[in-house]
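A structural walkthrough
Listed below, chain by chain, are the residues.
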Amino acid sequence: MIAAGLSALLSHWWRRPMQLAMLLLGLSLATALWSGVQAINAEARASYDRAASVLGQDGLARIVGDGPVAQDAYVALRRAGWLISPVLEGRLAVPGSSLRLIGIDPLTLPPAAQQVEFGQGDGLLPFITAPGVMYVSAETAAGLAEAGLPPLRVADSLPPGTALVDIGQAQRLLDRPGEISHMLVWPDAPLRDLPPGLTLRQPEGASDLARLTDSFHLNLTAFGFLAFAVGLFIVHSAIGLAFEQRRPVFRTLRALGLSAAMLTGLLLAELLLLALVAGVAGVAMGYGVAAALLPDVAATLSGLYGAEVPGTLALRPGWWATGLGIAVAGTLVSAAQSLWRVWHLPLLAPAQPRAWARASERALRWQTGVALGLLAGAGGLIGAGQGLWAGFGALAGLLLGAALLLPAALSGLMALGQRMARGVLAQWFWADTRQQLPGLSLSLMALLLALAANVGVGTMVSSFRLTFTGWLDQRLASELYLTARTEDEAAQMLVWLETRADAVLPIFNAEADIRGQPAEIYGMADHATYRDNWPLLQAAPDVWDRMASGQALLVNEQLARREGLGLGDAVALPGGGALPVAGVYSDYGNPVAQVILSTDRLLALFPATPRLRYAIRVAPDRAAALAEEMRAAFDLPPENLADQAAIKAFSLQIFERTFAVTAALNVLTLGVAGLAMFASLMTLSAMRLPQLAPVWAMGLTKARLAGLDLLRTLLLAAVVMLAALPLGLALAWVLLAVVNVAAFGWRLPMYVFPGDWLRLGGLALLAAGVAAAVPVRRLALLSPGDLLRVFAHER
Amino acid sequence: MLLTLTGVEKSYPTSEGPLKVLHGIDMVLDAGRSLALTGESGSGKSTLLHLVAGLDSVDAGQILLAEQDIAQAGDAARAALRRGTVGLVFQQFNLIPSLDVAANLAFQARLAGRFDAAWMAELAGALGLEGLLARYPEQLSGGQQQRVAIGRTLAAKPRLVLADEPTGNLDEATGDAVMALLLRLVAQTGAGLLMVTHSARLAARLDARLHLSHGRVAG
Amino acid sequence: MNVKAFLAAVLLAAPAGAQGFAGLGADAQGFAVPQPGQPLAFPQDHGAHPEYRIEWWYLTATLTGPDGTDYGAQWTLFRSALAPEAGTGWESPQLWLGHAALTTPDAHHVAERLGRGGIGQAGVVAAPFEAWIDNWQMVSRAAGGADALDAIQVTASGTDFAYDLALQATGPLVAQGDQGYSVKSAAGQASYYYSQPFYQVTGSITDQGRVIPVTGKAWLDREWSSQPLAADQTGWDWFSLMFDDGARLMGFRLRDTGEGYTSATWIAADGTPRPMPPGALRVTPLREVPVAGRDVPVVWRVELPAMGLDVTTTPLNEQAWMDTLVPYWEGPITISGTHAGRGYLEMTGY
């Protein structure tokens, strides 16, 4: 009986392969976008964890100095009973890029910090004696084939771009003999007094990278979820339709003795089967999506946060499981209403299909109420809450509220159109359109979400781009940027440049904690370059004079916002003393707090600051020649002398890649929405025949009817696009004013780009037109017999 | 002569090859007269009605309706014919669910461009629909719906009314009442009436009868 | 292979494979090999011998607290060379491993330290004598003119214990084997080996925060070699016995796939060594107990018929397990039978 019942239920799908295809496609697309984003996130997080757990830094306390620490200090601490292990970290230039080189002492390394299995076959001796052995990940190794480095060994526990060597070899490779960066402290080791200059730093629970990139991943997750929600609209309508069409079958089965529980169970089994099939397909597609997007994500993370993420994807079992889980959960959510109806199906109602998914006035009113509540909640969150979650909460409320409000708004609009209509056809057109709304509203909601997301994100990205390029022009005012290899070389270069450049401005920086957070501290020379160009958001009137005399400092917007700093507030400096804030400058693309002092003040505070980087002012038309001359004179590698244009191009490239993923997801979401629309229209076209046939019989040609149907779809798309505009702008505002501030620490001005809207509107109409084309064409080509069947006696 | 059919043939494609439904039908109907088409299921009576209505095209033969050969008319011409010359009453009523009763009643008249408010009001009164004008089709009983459908057809003042089992979905008492209304109002407008029915009792109430059997006029 | 396991395998005996104690049976290629007939020279030989593969400074002390409770203390510094050269800085191939233990009747505290030679974290200098790793030290306190090891100060600490002991020798250094040339197998593997078995100890131990003054006796072993064991030798049982009458006995059995190899040196109360021929010493396990998941013989019968010795040794704490990178058993014992006294027992390869 169960088998018979199930086969009766399943036979429906074989007779309507299109419906089955829609259901499977919708569900697998939704699953694909969701699990694709999850795969990217998982890959990135895994690589942060790996980076963070390099040498157990996520769980071990460390001893640090103001700058580099002498190796003798380490030995002295060991001999005083500290259980610690020395580490030397630095960047090692390799052709085309650089490596994060980590030197360790394998003998004293705490077990939690052990990353690599040493000594297989060749033992410890080659590791600690020249030329040493260098451990890198397989991916990194592949890129280092001809780099003239020590022999490479692959250790996949290392993050990409990181190389592990013995500390002695690190000192040799980095040319820093007798120096270490910090010391790892064994857990549970007795803590003793530290000599001056050294401080004990407790482990940071979450890695810096994980925290910095949280916002980025939350962003991706939000988009993935949006795409998933849009996909579920397809699933919901496909399931709803299939259930409505089988209502007579359900009744017959019930009448033949199948219990309500059994019937619901069978339908549930059927749905789970479909969900699993679609889920597997979706996860496989998600893998494809992730693999396609990951290189851009990796480039973004590396450019924006310096986080190294491999460009290739690992298959994680957990990810498969969650992908399938989300497919099943999505199916159940989409089917809940239909299953509930089957459960409560009255046995004796006439076996005639009823307009499916017709929302009663009461349901619509209820939905509108919820929508208004959500919108109010979003407003409240923006007014009261701060931070990323409040921002995303507001976004969710805004989008969902607007989507839920859409059917009522459209219905009202159509009623208004009907009342205003003069001709009988126009009147019928409006009334008929209104009649279609319940069946179309889900896909229209999906379209609204996709369009609004496009408008919102597009506005944010374009505003950001406009601001960012202007800011780059201000910030990169010098013609050339020089990085000397040694201080001696720098000194020679300064002499060489004396007669050749208009000005040479030092760019020295140190790292220290400011107000308890790690910060970069820069020195700034007093020069017109800065006085004229530096992008100050707030400034005291005499800011540059006070800076020149070392009486004040500048902070970046991120630090100012995080710490609530305003002009005149004092900022304590490492090593004592405090200076008032004389200006706040914008600092896009940098997640870290930054402080600028006069160069003298910086060097007084951090005497060990390497004096290697300089900005060179020269007449712009002479810059290229000077650079050429200088490279030749000092045998300087290209990357050590960059011109303004190159840096700008690089920065913009990072910027574009940052939003490439967002743009790709945007397009995919719009595609899914178009598909949802197509599915709905196909469904409706089959069901609308009884409504169209009388009108046809009363004297309208099929071509006219088809034209009206196309017009109806385009009209709805246009109305939805209009509705998406304010929603999208609201979205953009929340992104710029709330989410960006919380995620990155900067607030951007909002610019609107009506040209983009026109383009998007055209795209929406095109999508709607394409979605409508098949059903409309089908209508136009309908044979009279198909229409006449409506009038046949036996239905 | 309002309607003249000469040698009308029609077949439909089926999986076993074309199925001939009508084998050369000849028939005439005068304005102001009513004719009942009777016959078994599958005898071709509905098909004949649909051909006369211009809903479908003939394979061979001629249909002259109001001096126009609709067998040769194109899609647009036949649509114009349906709009202006004929009126259809279906067994399933086939009202437009998105429009209220008043709009349904006026629909075809306005489509045909001959909306007449006075005539509408008279029809509504005659059909007993005055109290139902603001309702929607789904809120009406079957008899009420068919009265709206009859009103919709007559409001456009067609020259020929085509009815396909108009009482087939109604109980006998309601059916008789609806039938009486239909006959009275058709007579009042002076239009011709061609009605398909399988009921000899109903057929007897019309001026003439034509019995179809296996696609041929029998007797 | 983890670096520490690797290192420990080089430094200490691990349960055997075909290579004997993982590495100790390996070729001595490039390293110096002990030769007979080369007398020991002091103070140089108190210091490190980087041209030999392995070396240790091994002190064991039997102690007694004011309430009569017995304790044992161990201080060991191992040197292991990856290559036969001293080297400088981080590239020095000399590696150092320290073990410290404090045994009480109901606890056995262990600590372990590793360090690189060449940077100053660990090492040994002959004069003025100092051996150290981190904050563990063995420093000469001897007066000028006396041997550096006549008086030493020994300190070490772990997470739950510490000790600080002053040791004063009451007898001379004793060369083991043939004037310090100690044969370790019938095939002739050998090491240089001398001892100072006559220390009187005063000092204090700290047991879980409680400082206890102690007195007692101690024994220092110095040994270096490049290939001390034959390839088929799997472990050893080593005894240092300090009899109440002032005599000492150093004896060991090297276990192999056959009968094993025993060696002993009887040391008279005045310090005169009397090397015994191979096989003269007989050791027989009397009782095994489960220790750290394996069966370890903790009570032994030790016989040296040539000296009329037939004694039984019982441990102060049967669970004196050294839970170090390469684990072994090492703890104080009490001697009864024809002779009475106290000593230390070390068992490896179980």
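Everything numeric in this text was worked out from a predicted model, so none of it was measured.

Conventions used here
- Residues numbered from 1 in each chain as written.
- Chains lettered and ligands numbered in written order.
- Predicted model: local features only at pLDDT ≥ 70, side-chain atom pairs only at ≥ 80, totals over all residues.
- Heavy atoms only, no water.
- Helix = DSSP H or I, 4+ residues; strand = E, 2+ residues; numbered from the N terminus.
- Buried < 20%, exposed > 50% of the residue type's maximum accessible area, 1.4 Å probe, protein only.
- Contact = heavy atoms within 4.5 Å.
- Pairing = 2+ DSSP bridges.
- Axes fitted to C-alpha atoms, helices over the stretch in contact; angles between N-to-C directions.
- Core = buried A, V, L, I, M, F, W, Y, C linked by side-chain atoms within 4.5 Å.
- Arc of directions from axis to C-beta.
- Polar contact = N/O pair within 3.5 Å; in protein donor to acceptor, adjacent residues only side chain to side chain.
- Salt bridge = Lys/Arg side-chain N within 4 Å of Asp/Glu carboxyl O.
- Nonpolar A, V, L, I, M, F, W, Y, C, P; charged D, E, K, R; others polar.
- Buried area = accessible area lost by both parts, 1.4 Å probe.
- 1 Å grid on protein atoms, 1.4 Å probe; cavity = no way out; pocket = protein on both sides within 12 Å on 5 of 7 lines; lining within 4 Å.
- Points joined across faces, edges and corners; volume = space filled by probe spheres on them.
- Patch = residues over 30% accessible without salt bridge, like charges linked within 9 Å, V, L, I, M, F, W, Y side chains within 5 Å.
- Areas by Shrake-Rupley, 256 points an atom, 1.4 Å probe, with all protein chains shown as cover.
- Phe/Tyr/Trp six-rings, centres within 6.5 Å; stacked < 30°, edge-to-face > 60°.
- Lys NZ or Arg CZ within 6 Å of the ring centre and 35° of its normal.
- pLDDT = per-residue confidence, 0-100.

Observations concerning the overall build of chain A
Helix and strand counts for chain A stand at 24 helices and 19 strands. Here chain A holds 795 residues, and the buried ones make up 54% of them. Contacts spanning at least 24 positions in sequence make up 80% of the contacts within chain A whose residues lie at least 6 apart.

Describing the sheet that holds strand β3 (residues 34–39) of chain B
Residues and elements named next belong to chain B. Ordered in space as β6-β7-β8-β3-β9-β10, the 6 strands form an open sheet in which the pairing is mixed. Pairing within the sheet leaves two strands with one partner each, and these edge strands are β6 (86–89) and β10 (216–218). Within this sheet the neighbouring strands show an average axis-to-axis angle of 25°, counted without direction. Sheet topology note: the β3/strand β8 (residues 192–196) ladder contains 4 bridges and is parallel.

Examining the nonpolar core
Among the nonpolar cores identified, the biggest contains 151 residues, and W428 of chain A together with L3, L160 and L194 of chain B are the most heavily contacted of them. It is helix α13 (residues 424–475) of chain A that contributes the most residues to this core, 26 residues altogether. Ignoring sequence-local partners within four residues, the contact set of L3 of chain B consists of M27, V28, L29, V52, I63, L64, L65, L160 and L194 of chain B. Counting 41 residues, the second-largest nonpolar core is a separate cluster that includes V124, A131, Y199 and V214 of chain C.

Some remarks on helix α8 (residues 247–255) of chain A
An α-helical turn contains 3.6 residues, so a residue and the one three or four places further along point in the same direction. All names here are of chain A. For α8, the full list of buried residues reads R247, F250, R251, L253 and R254. Along α8, the residues classed as buried sweep out an arc of 165° about the axis, all on the same side. Phi turns positive one or two residues past the end of α8, at G257, with a value near 110°.

Some points on the environment of R294 of chain C
Residues and elements named next belong to chain C. With respect to the helices and strands, the residue R294 is situated in strand β19 (residues 294–304). Counting along the chain gives 56 residues from R294 to Y350, while the straight-line C-alpha distance between them is 7.2 Å. Setting aside its immediate chain neighbours within four residues, R294 contacts V289, W321, P327 and Y350. In this structure the side chain of R294 is engaged in a polar contact, spanning 3.4 Å, whose partner is the backbone oxygen of A292. Within the structure, R294 has its side chain in polar contact with the backbone oxygen of Y350 (distance 3.1 Å).

Description of the side chain of S195 of chain C
Residue and element names in this part refer to chain C. As for its placement among the helices and strands, S195 is situated in strand β12 (residues 190–207). There is a polar contact of 2.7 Å between the side chain of S195 and the side chain of Q176. Residues in contact with S195, not counting those within four places in the same chain, are L173, V174, Q176, W219, L220 and D221.

Structural notes on the interface of chain A and chain B
The accessible area lost on association of the parts is a frequent measure of interface size. Chain A puts 30 residues into the contact, and the matching count from chain B is 28 residues. Linking chain A with chain B are 0 salt bridges. Listed by contribution, the elements that provide at least two residues to the side of chain A that touches chain B are α13, α21 (689–697) and α24 (784–788) of chain A. Among the elements that make up the side of chain A that touches chain B, the one with the highest residue count is α13 of chain A (7 residues). Across the side of chain A that touches chain B, the residue classes tally to 16 nonpolar, 8 polar and 6 charged.

Description of the interface of chain C and chain A
Counting from both sides, the interface comprises 26 residues of chain C and, opposite them, 33 residues of chain A. Carbon and sulfur atoms make up 56% of the surface buried where chain C meets chain A, a total of about 2400 Å² over both sides. Secondary structure elements with two or more residues in the side of chain C that touches chain A: α1 (3–11), β4 (107–116) and β6 (130–133) of chain C.

Some words on empty space enclosed by the protein
Residues and elements named next belong to chain A. The full count for this structure, using the stated rule, is 7 cavities of 30 Å³ or more. If you add up the space inside the second largest cavity, you get close to 130 Å³. Around the second largest cavity sit Q436, L440, L681, L684, S685, R688, D709, R712, T713, A772, P775 and V776, which together line it. Where the lining of the second largest cavity is concerned, the elements lending two or more residues are α13, α20 (644–687), α22 (702–743) and α23 (754–780). Split into classes, the residues belonging to the lining of the second largest cavity amount to 6 nonpolar, 3 polar and 3 charged.

Let's talk about the pairing of strand β3 (residues 97–104) of chain A
Residue and element names in this part refer to chain A. Buried residues dominate β3, accounting for 6 of its 8 residues. Where strand β2 (residues 84–94) meets β3, 8 bridges bridge the pair, whose relative direction is antiparallel. Note that in β3 the partner of R91 across the bridge is R100. Bridge count for β3 against strand β6 (residues 162–166) is 5 bridges, and the pairing is parallel. Residue pairing in the sheet places I102 in a bridge with L164 of β6.

Thoughts on a nonpolar patch on the surface
Among the surface-exposed residues, L268, L272 and L332 of chain A lie close enough to one another that they form a single nonpolar patch of about 200 Å² accessible area. Here L268 of chain A lies in helix α9 (residues 260–305).

Digging into the packing of aromatic side chains
Throughout the structure, instances matching the rule amount to 18 aromatic pairs over all chains. On the numbers, 6.5 Å between centres and 25° between planes, the contact of Y74 of chain A with W90 of chain C is stacked. One end of the pair, Y74 of chain A, is in helix α3 (residues 71–79); the other, W90 of chain C, is in the loop between β2 (70–81) and β3 (94–104), on a second chain. Both residues of the pair, Y74 of chain A and W90 of chain C, count as buried. When the ring of W496 of chain A is compared with that of F634 of chain A, the centres are 5.6 Å apart and the planes differ by 80°; the resulting orientation is edge-to-face. Pair noted here: W496 of chain A is in helix α14 (residues 487–498) and F634 of chain A is in helix α19 (residues 620–634), with a separation of 138 residues, a long-range link. By the burial criterion, W496 of chain A is buried, and F634 of chain A matches it. Cluster of aromatic residues (ring-pair linked, three or more members): F42, Y52, Y192, Y194 and W224 of chain C. Note that R255 of chain C overlies the ring of Y350 of chain C, its terminal NZ or CZ placed 4.0 Å from the centroid.

Section: the pattern of salt bridges
Taken as a whole and judged by the stated rule, the model has 33 salt bridges over all chains. A salt bridge links R546 of chain A to D542 of chain A; its shortest N-O distance comes to 3.7 Å. Note on D542 of chain A: relative accessible area 34%, which makes it partly exposed. Here R759 of chain A and D756 of chain A are joined by a salt bridge, their closest N and O atoms 3.7 Å apart. Highlighted residues: R759 of chain A and D756 of chain A, both in helix α23, separated by 3 residues, approximately one helical turn. A relative accessible area of 58% means that R759 of chain A is categorised as exposed. Where salt bridges share partners, they join R282, R301, E303 and D310 of chain C into one cluster.

Observations concerning helix α2 (residues 75–84) of chain B
Among the residues of α2 of chain B, R78, A79, L81, R82 and G84 of chain B are the ones counted as buried. Contacts from the buried residues of α2 of chain B go to α21 of chain A together with α1 (45–52), β4 (60–65), β5 (68–69), β6 and α3 (101–112) of chain B.

Considering the environment of G180 of chain C
Residues and elements named next belong to chain C. Position of G180 relative to the elements: it lies in the loop between β10 (174–175) and β11 (181–183). Assessed through its relative accessible area of 0%, G180 is described here as buried. Between the C-alpha atom of G180 and that of Y192, which follows or precedes it by 12 residues, the distance is 5.3 Å. Residues in contact with G180, not counting those within four places in the same chain, are L40, A175, S191, Y192 and Y193.

A few points about the confidence of the model for chain A
Low-pLDDT portions of the prediction should not be read for the details of their coordinates. Within chain A, residue pLDDT values average 80, and 88% of them lie at 70 or more. Low pLDDT (under 50) marks residues 350–359 of chain A, which in the prediction has 20 contacts with non-local residues, meaning those over four places away or in another chain.

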